[in-house]
Amino acid sequence: TDEALERFKTEGLVFSTNEDIVRDFYDQLLKLENENKNGIWARFLKNSFAPMIAGKFDFVVGNPPWIIWESISKEYRNATLSLWNKFKLFPITKSYGFSKPDFSMLFVYASADYYLKDGGKLGFLITQEIYKSKGAGEGFRRFKLGDGEDLRLIKAIDLVSIQPFEGAVNKTAAIIIKKGEKTQYPVPYFVWRKREGINKISTDYLLEEALPFLQKREYKARPIDSNYGPFQTYSSERLLNIQGINYYKAKYGVETKPYGVFWVQINKILSDGTLIVSNMPEKGRLSIDKVKERVESDLLFPAIRGSDIKRWITKNVIFTILPHEKNGKPLEENYLKINFPRTYAYLIKFKQDLLNVNAKSTKKTREQKVFYAMFGIDRDTFSNFKVVWGYMNSDIFASVISDINTGFSYKRTIPLYTTCFFPMDNEYEAHYLCAIINSTPVRDFIKSFSSAGRGFGTPSVMEHVGIPKFDPQNALHLKLAEISKQCHQLKLEGKDEEIKKLEKENDA
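First, a word on scope: everything that follows refers to the structure included in this document. All figures in this text were calculated on a predicted structure; none of them were measured in a lab.

Looking down a regular strand, the side chains alternate between one sheet face and the other. The buried fraction of strand β3 (residues 151-158) is high, at six of eight residues. Where β3 and strand β4 (residues 172-179) come together, seven bridges link them in antiparallel fashion. Across the sheet, the residue bridging to R152 is K178, located in β4. Both β3 and strand β5 (residues 187-194) contribute to a ladder of three bridges, which runs parallel. Its bridge partner being in β5, I157 is matched across the sheet by F190.

Now for the packing of aromatic side chains. On inspection of all chains with the given rule, the structure shows 28 aromatic pairs. Judged by centre distance (5.3 Å) and plane angle (70°), the ring pair of Y76 and F103 falls under edge-to-face. Highlighted residues: Y76 in helix α4 (residues 74-86) and F103 in helix α5 (residues 103-115), separated in sequence by 27 residues. On the accessibility criterion, Y76 (10% relative accessible area) is buried. The exposure class assigned to F103 is buried, which follows from its relative accessible area of 3%. Pairing F103 with F107 gives two aromatic rings, centres 5.3 Å apart and planes at 75°, and the pair type is edge-to-face. You can see F103 and its partner F107 sitting in helix α5, four residues apart, about one turn around the helix. Note on accessibility: F103 and F107 belong to one class, buried. Members of the aromatic cluster, each reached through a chain of ring pairs, are Y76, W84, F90, F103 and F107. Over the aromatic face of Y189 sits the side chain of K132, whose NZ or CZ is 5.5 Å from the ring centroid.

Let us look at the sheet that holds β5. A sheet is described by the order of its strands in space; here seven strands give the open sequence β1-β2-β4-β3-β5-β6-β7, paired in mixed fashion. Each end of this open sheet is capped by a strand with a single partner; those strands are β1 (57-62) and β7 (231-234). Within the sheet, the average angular offset between the axes of one strand and its neighbour, ignoring direction, is 25°. The sheet strands contacting α5 are β1, β2 (116-127), β3 and β4, and the helix crosses β2 at an angle near 165°.

Of the two faces of strand β15 (residues 318-321), the one carrying I318 and T320 and the one carrying F319 and I321 are both buried. With four bridges joining them, strand β12 (residues 300-304) and β15 adopt antiparallel strand pairing. From the neighbouring strand, L300 faces β15, where its bridge partner is I321.

Three or more residues of helix α12 (residues 360-368) are buried, namely T362, T365 and R366. On an axial view of α12, the arc spanned by its buried residues comes to 95°, and they lie on one face. The exposed set on the far side of α12, more than 90 degrees from its buried face, consists of K360, K364, E367 and Q368.

Moving on, we come to the nonpolar core. Counting residues in hydrophobic clusters, the biggest one holds 44 residues, and the most contacted among them are V387, W389, F422, Y432, I437, I446 and M462. Broken down by element, the residue count for this core peaks at seven residues, all from helix α13 (residues 427-437). With 39 residues, the next largest nonpolar core counts I72, F87, A110 and A136 among its residues.

Moving on to the sheet that holds strand β20 (residues 414-415). Read from one edge to the other, the open sheet built from six strands follows the order β11-β10-β9-β15-β12-β20, with strand pairing classed as mixed. The open sheet is flanked by β11 (292-296) and β20, the only strands paired with a single partner. Docked against the sheet, helix α10 (residues 341-348) engages β9 (263-269), β10 (274-279), β11 and β15, running at close to 140° with respect to β11.

Attention shifts here to the environment of N356. Mapped onto the elements, N356 comes out in the loop between α11 (351-355) and α12. Overall, N356 belongs to the partly exposed group, its relative accessible area being 49%. Separated by 15 residues in the primary sequence, N356 and F371 place their C-alpha atoms 9.7 Å from one another.

Relative orientation of the contacting elements helix α15 (residues 475-493) and helix α16 (residues 496-507) amounts to 165°, with a least axis distance of 9 Å. The orientation of α15 with respect to α16, classified from their angle, is roughly antiparallel. You can see that α15 and α16 cross each other, and the crossing is left-handed. Along the contact surface, α15 presents K479, L480, I483, Q486, C487, L490 and K491, while α16 presents D496, E498, I499, L502, E505 and N506. Across the contact of α15 with α16, the residue classes tally to six nonpolar, two polar and five charged.

Inspection of the entire model under this criterion finds 28 salt bridges. Between K179 and E149 there is a salt bridge; the shortest N-O distance is 3.8 Å. Placement of K179 in strand β4 and of E149 in the loop between α6 (129-132) and β3 is noted, with a sequence separation of 30 residues between them. Its relative accessible area of 29% is what places E149 among the partly exposed residues. We note a salt bridge from K500 to E497, for which the minimum N-O separation is 3.3 Å. Of the two residues, K500 and E497 both sit in helix α16, three residues apart, roughly one turn of that helix. A relative accessible area of 54% places E497 in the exposed class. Sharing partners across several salt bridges, the network here consists of R311, D395, R443 and K447.

The next subject is unusual backbone geometry. In the segment running from Y185 into P186, the intervening peptide bond is cis, with an omega of 0°. Mapped onto the elements, P186 comes out in the loop between β4 and β5. Cis geometry marks the peptide bond from K257 to P258; its omega dihedral reads -5°. The residue P258 is located in the loop between β8 (251-252) and α8 (259-262) in this model. Although it is not a glycine, Q163 sits at a positive phi angle of roughly 50°. Position of Q163 among the secondary structure elements: in the loop between β3 and β4.

Cut-offs applied
Residues numbered from 1 in each chain as written. Predicted model: local features only at pLDDT ≥ 70, side-chain atom pairs only at ≥ 80, totals over all residues. Heavy atoms only, no water. Buried < 20%, exposed > 50% of the residue type's maximum accessible area, 1.4 Å probe, protein only. Helix = DSSP H or I, 4+ residues; strand = E, 2+ residues; numbered from the N terminus. Pairing = 2+ DSSP bridges. Phe/Tyr/Trp six-rings, centres within 6.5 Å; stacked < 30°, edge-to-face > 60°. Lys NZ or Arg CZ within 6 Å of the ring centre and 35° of its normal. Axes fitted to C-alpha atoms, helices over the stretch in contact; angles between N-to-C directions. Contact = heavy atoms within 4.5 Å. Arc of directions from axis to C-beta. Core = buried A, V, L, I, M, F, W, Y, C linked by side-chain atoms within 4.5 Å. Parallel < 35°, antiparallel > 145°, perpendicular 65-115°, else oblique. Left-handed = near helix turned anticlockwise from the far one by under 90°. Nonpolar A, V, L, I, M, F, W, Y, C, P; charged D, E, K, R; others polar. Salt bridge = Lys/Arg side-chain N within 4 Å of Asp/Glu carboxyl O.

Structure below.
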């Protein structure tokens with residue numbers, strides 16, 4: 001410890017005002033090291049967050065650790081819980097999915113609190129999730145140290161497309177904040193991109209060497225909904241005209257976990273209407289036996305995933321077993337045994353796999369109802385028409401789906417969990433909606449506040465697109481529907497050049 005203290009003094013890290021604290025801190029770390037418990041120790045974050053500095057500073061810069069909530073150990077979460085609560089960093093509104101905070105958010109707030117003078121500025125590299133995520137970034141975007149001082153967001157810097165960290169695919173951004181002032185919107189939002197034709201930029205380059213390969217564009221940013229909503233970035237006020245209240249409510253597709261049980265391929269259609277099917281264990285992460293079984297066709301439906309949807313067309317390549325009524329309720333076990341004994345015999349083989357599923361909502365549903373029940377299924381799942389698109393993407397690719405000829409009967413197509421959809425009973429209304437969300441202005445509007453990746457295109461995103469109810473007496477609404485219908489037909493015929501002309505008309 002004495003040797004370390006001398007070195008700290010030489011490097012300007014220890015002063016008379018903090019020597020005793022640093023000595024005690026080092027002794028404790030040394031003890032843990034000798035016990036082979038080296039690593040990050042949460043108890044010291046709480047009690048000795050910044051023991052090796054004296055006073056507060058005008059400027060603080062850094063790159064905090066980026067660790068998603070699930071990757072933080074339970075002990076570390078519990079030990080830092082008081083800090084998360086102190087700074088009010090947890091999501092403000094409950095949202096379905098994607099609301100887990102990142103540990104870097106805590107570092108920004110704790111550093112601003114402990115290190116910055118009033119009027120001081122902090123610049124950190126940070127994950128872009130703090131600007132664009134619906135749930136996780138809400139507490140962070142309060143820009144207030146709990147009930148204490150305000151933080152003013154001076155500028156946001158988006159480095160996502162540059163990927164400045166070699167070998168790491170993450171959403172890099174930067175934040176510059178000032179302590180003691182309130183954030184005023186809109187704020188400057190700078191997006192850095194590689195110049196056209198530039199593939200890779202060495203991470204060893206100095207700034208002046210890298211700049212010729214880069215271009216910077218300035219946007220404005222503001223919360224899309226409440227004061228703490230995801231940031232919308234825009235350069236033109238015209239984009240804001242699309243925002244409004246959407247008459248239509250989007251939904252997630254059905255969660256059919258584990259995929260290796262419910263997803264099947266049809267091997268043979270038999271004369272009595274039953275089918276020989278084989279399951280698809282390779283589609284999931286669980287180790288599930290591959291089997292070939294004879295089942296009734298009644299509970300088998302064509303299914304689509306996000307990857308099956310292109311703009312104006314959807315190609316079905318898999319089927320799913322759906323042991324539910326048309327109102328969404330799971331079939332009673334006795335009813336399934338009596339009326340669909342082959343399907344029941346197939347499902348019972350996987351009972352333990354179905355009950356041990358790692359999806360919390362599905363697991364709870366099965367424990368409360370029946371072992372094969374699915375989550376996210378209701379009357380809308382069986383609507384006559386659906387406007388579908390995949391989420392976790394970088395753009396909206398939508399199409400209209402309805403009944404298809406499966407070879408053994410006409411069946412309703414079921415959207416799975418990697419898709420979202422608007423349920424419709426009217427074909428023209430479905431195409432009207434499809435034309436709108438496939439249009440360039442609406443897609444650009446969605447991209448302005450929903451960044452590419454896991455949260456892009458989710459149902460909550462559609463809440464902000466001000467789509468009015470379809471009016472069959474409105475010539476414009478009918479024209480949009482007709483454009484969508486024609487684009488679907490032309491896509492089937494492979495006439496992409498004709499589609500481009502219609503898409504241009506649709507955008508206008």
